[in-house]
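An overview of the molecular structure
Take a look at the letters that make up each chain.
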Amino acid sequence: MSGRSERSRPRQRSASSAKTHERLAGVLVALICLAVMIGLYQLEPEARGYGTHGQFASQPCGWVEQYDLPCPTCGVTTSASLAAHGSLLASFWTQPLGLLIMLSLSVVFWQQLGVALFGWATMAPGRMLLQRSTWLALIAITLFSWGWKFLTWT
């Protein structure tokens, strides 16, 4: 025997030991991601590369109307809708951030479905959003995507 009792050893979680509340949260997050992806699929992407959000009965972008220039998120809904329809290259060309959002939704959906069905113990998506590196990467990607939109703006 190793001098250390069984009681003093920290208990490790196995790969399939998610608690009930974690599984339920996994179901909820997976359903939210699925609903957003289905909603994006049901939209008809605008051919001009922006304005698809208008199908949600929202106002046209004031930035585009006032300055005739793209806003930082210009084309994200169109791009995500294109990705939902399987047009990944067109999605990237329209607005890289929209493609990243759609791919992230897909990854989180499958990951959380794994938590719900198989009890995979993983980092919660919400926890990842609290990390400084995640925010810095998101800001950098948003700025890159905005610059890309400027370059492809017609």
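A quick note: this is a predicted structure, and the numbers were derived from the prediction, not measured. By convention here, each chain's residues receive numbers from 1 onward along its written sequence. Totals for whole chains, interfaces and linings use every residue, but because this is a predicted model, local features are given only for residues with pLDDT of at least 70 and side-chain atom pairs only at 80 or more, for both listing and counting. As a rule here, side-chain values come from all non-hydrogen atoms in the structure, and water together with hydrogens is ignored.

What about helix 7 (residues 132–152)?
Quick note on the threshold: Going along the chain from the N terminus, every DSSP run of H or I of four or more residues is numbered as a helix, and every run of E of two or more is numbered as a strand. Helix span is expected to be 1.5 Å times the residue number reduced by one. Using a 1.4 Å probe on the protein chains alone, a residue whose accessible area is under 20% of its type maximum counts as buried, one over 50% counts as exposed, and one in between counts as partly exposed. This arc is taken over the directions from the axis of the helix to the C-beta atoms.
For helix 7, with 21 residues, the first-to-last C-alpha span of 30 Å sits near the 30 Å given by 1.5 Å per residue. Every buried residue belonging to helix 7 is among Thr142, Ser145, Trp148, Lys149 and Thr152, and all of these are buried. Angularly, the buried residues of helix 7 cover 125° about the axis, an arc narrow enough to put them on a single face. Exposed positions of helix 7 whose direction lies more than 90 degrees from the buried face are Arg132, Leu143 and Leu151.

A word on helix 3 (residues 76–84)
Let me state the cut-off plainly: Any pair of residues with heavy atoms lying within 4.5 Å of one another is described as a contacting pair.
For helix 3, a buried count of eight out of nine residues is recorded, marking the element as mostly surrounded by other parts of the structure. The set of residues buried in helix 3 consists of Val76, Thr78, Ser79, Ala80, Ser81, Leu82, Ala83 and Ala84. If you follow the buried residues of helix 3, they end up packed against helix 1 (20–42), helix 4 (88–94) and helix 5 (96–118). A positive phi of about 90° marks Gly86, the residue just after helix 3.

Observations concerning the side chain of Lys149
Its location among the elements puts Lys149 in helix 7. Every residue in contact with Lys149, bar those within four places of it in the chain, is listed here: Gly49, Pro70, Cys74, Gly75 and Thr94.

Here's the deal with the nonpolar core
Where we set the bar: Side-chain atoms within 4.5 Å are what join buried Ala, Val, Leu, Ile, Met, Phe, Trp, Tyr and Cys residues into a set we call a nonpolar core.
Ranked by size, the top nonpolar core spans 13 residues in total, and within it Cys33, Met37, Leu40, Met102, Leu105 and Phe109 carry the most contacts. For this core, the secondary-structure elements that each account for two or more residues are helix 1, helix 3 and helix 5. Sequence-distant contacts of Cys33, defined by excluding residues within four places in its chain, comprise Leu105, Val108 and Phe109. Judged by nonpolar contacts, the second largest core, of five residues, contains Tyr50, Val64, Cys74 and Trp153.

Some words on unusual backbone geometry
Although it is not a glycine, Asp68 adopts a positive phi angle of roughly 55°. Here Asp68 lies in the loop between helix 2 (62–67) and helix 3.

Structural notes on the pattern of salt bridges
Formally: A carboxyl oxygen of Asp or Glu within 4 Å of a side-chain nitrogen of Lys or Arg is what we treat as a salt bridge.
Per the stated rule, a full pass over the model turns up one salt bridge. A salt bridge links Arg48 to Glu46; its shortest N-O distance comes to 3.9 Å. Judged by relative accessible area, Glu46 falls into the partly exposed class, the value being 31%.

With respect to the packing of aromatic side chains
Applied cut-off: In this scheme Phe, Tyr and Trp rings, the latter by its six-membered ring, pair at centre separations within 6.5 Å, and the angle between planes marks the pair as stacked below 30 degrees, edge-to-face above 60, and tilted otherwise. Here, over-ring charges are defined by two tests on the NZ atom of lysine or the CZ atom of arginine: distance to the ring centre within 6 Å, and angle to the ring normal within 35 degrees.
Inspection of every chain in the model, using the stated rule, returns nine aromatic pairs. Taking the centre distance of 5.0 Å and the plane angle of 75° together, the rings of Phe109 and Trp110 count as edge-to-face. Given a relative accessible area of 54%, Trp110 falls into the exposed group. Of the aromatic side chains, those joined through ring pairs into one cluster are Trp63, Tyr67, Trp146 and Phe150. Here the guanidinium or amino end of Arg48 rests over the ring plane of Tyr50, the centre of that ring lying 4.5 Å away.

Considering the packing of helix 5 against helix 7
Going by this rule: All axes are obtained by fitting lines to C-alpha atoms, using only the stretch in contact for helices, and the reported angles, taken between N-to-C directions, cover 0 to 180 degrees. Angles below 35 degrees are treated as roughly parallel, those above 145 as roughly antiparallel, those between 65 and 115 as roughly perpendicular, and all remaining angles as oblique.
Taken N-terminus to C-terminus, the directions of helix 5 and helix 7 make an angle of 135°; their axes are 8 Å apart at the nearest point. By the criterion of interaxial angle, the relationship of helix 5 to helix 7 is oblique. Residues Pro96, Leu97 and Leu100 of helix 5 pack against Leu138, Ile141, Thr142, Phe144, Ser145 and Trp148 of helix 7.

Description of the environment of Gln42
Examined against the element boundaries, Gln42 turns out to sit in helix 1. Given a relative accessible area of 64%, Gln42 falls into the exposed group.

Describing the confidence of the model for the protein
Rules: Confidence of the predictor at the level of single residues is given by pLDDT, which spans 0 to 100.
Predicted confidence across the protein gives a mean pLDDT of 85, with 84% of residues reaching 70 or more. Mean pLDDT values for the elements of the protein range from 66 in helix 6 (residues 125–129) up to 96 in helix 4.

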